[in-house]
Amino acid sequence: MPAVILIPLAIVAIIGVSGYLIYRFVFYDYMCNRSVNQTLLNYNIKKTQSQIIREYHESRGEKLTEKEILKLEKRYRQHEPEQFLAMYDAIRDKSKTD
């Protein structure tokens, strides 16, 4: 008798957890990426997210590896999307003064 209740409950729990993980690690990142790219297009910025991060840190004299750039890109994309515009403005202002 308990197997009749536990087996469907376990199946539903596994489906629920896997659905949440797919949402959190795939769909959520996709939506954040799309949102940032749309924002960059709205402001007519032709650079990618990684190009903006790379140029910003190079202008500050920091050399980042590709792995560090990808980590920063994902963090900014998901938690601080306005940073891309701020970094782009800083790059643009620095290039105007040079």
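Heads up: the structure comes first, above all this text.
Residues numbered from 1 in each chain as written. Predicted model: local features only at pLDDT ≥ 70, side-chain atom pairs only at ≥ 80, totals over all residues. Heavy atoms only, no water.

1. Regarding helix α4 (residues 82–97)
Over its 16 residues, α4 runs 23 Å from end to end, which matches the ideal 22 Å to within 8%, given 1.5 Å per residue. The set of residues buried in α4 consists of F84, M87, Y88 and I91. Down the axis of α4, the sector holding all buried residues measures 100°, keeping them to one side. Structural note: α4 exposes K96 and T97 on the side pointing more than 90 degrees away from its buried face. Of the surrounding elements, those touching the buried residues of α4 are α1 (2–42), α2 (49–59) and α3 (66–79). (Helix = DSSP H or I, 4+ residues; strand = E, 2+ residues; numbered from the N terminus. Expected span 1.5 Å × (residues − 1). Buried < 20%, exposed > 50% of the residue type's maximum accessible area, 1.4 Å probe, protein only. Arc of directions from axis to C-beta. Contact = heavy atoms within 4.5 Å.)

2. Some thoughts on the nonpolar core
Across soluble globular proteins, nonpolar side chains show a tendency to be buried alongside one another. Grouped together as the largest cluster of nonpolar side chains are 13 residues, with contacts concentrated most on L40, I45, I52, I53, Y76, F84 and M87. Counting residues per element, the ones that place at least two in this core are α1, α2, α3 and α4. The dominant element in this core, judged by the number of residues it contributes, is α4, at 4 residues. (Core = buried A, V, L, I, M, F, W, Y, C linked by side-chain atoms within 4.5 Å.)

3. Regarding α2
When α2 is considered as a whole, its buried residues turn out to be Q49, S50, I52, I53, Y56 and H57. Seen from one end, α2 has its buried residues packed into an arc of 160°, which puts them on one side. Next to the buried residues of α2 lie α1, α3 and α4. G61 occupies a position one or two residues after α2 and carries a positive phi of about 85°.

4. Quick look at the packing of α2 against α4
In the contact formed by α2 and α4, the axes pass within 9 Å of each other and the chain directions differ by 50°. The angle between α2 and α4 falls in the class oblique. The two elements α2 and α4 meet at a crossing, and its hand is left-handed. Contacts between α2 and α4 pair Q49, I52, I53, E55, Y56 and S59 from the former with F84, M87, Y88, A90, I91 and K94 from the latter. Looking at the contact of α2 with α4 residue by residue, the classes come out as 8 nonpolar, 2 polar and 2 charged. (Axes fitted to C-alpha atoms, helices over the stretch in contact; angles between N-to-C directions. Parallel < 35°, antiparallel > 145°, perpendicular 65-115°, else oblique. Left-handed = near helix turned anticlockwise from the far one by under 90°. Nonpolar A, V, L, I, M, F, W, Y, C, P; charged D, E, K, R; others polar.)

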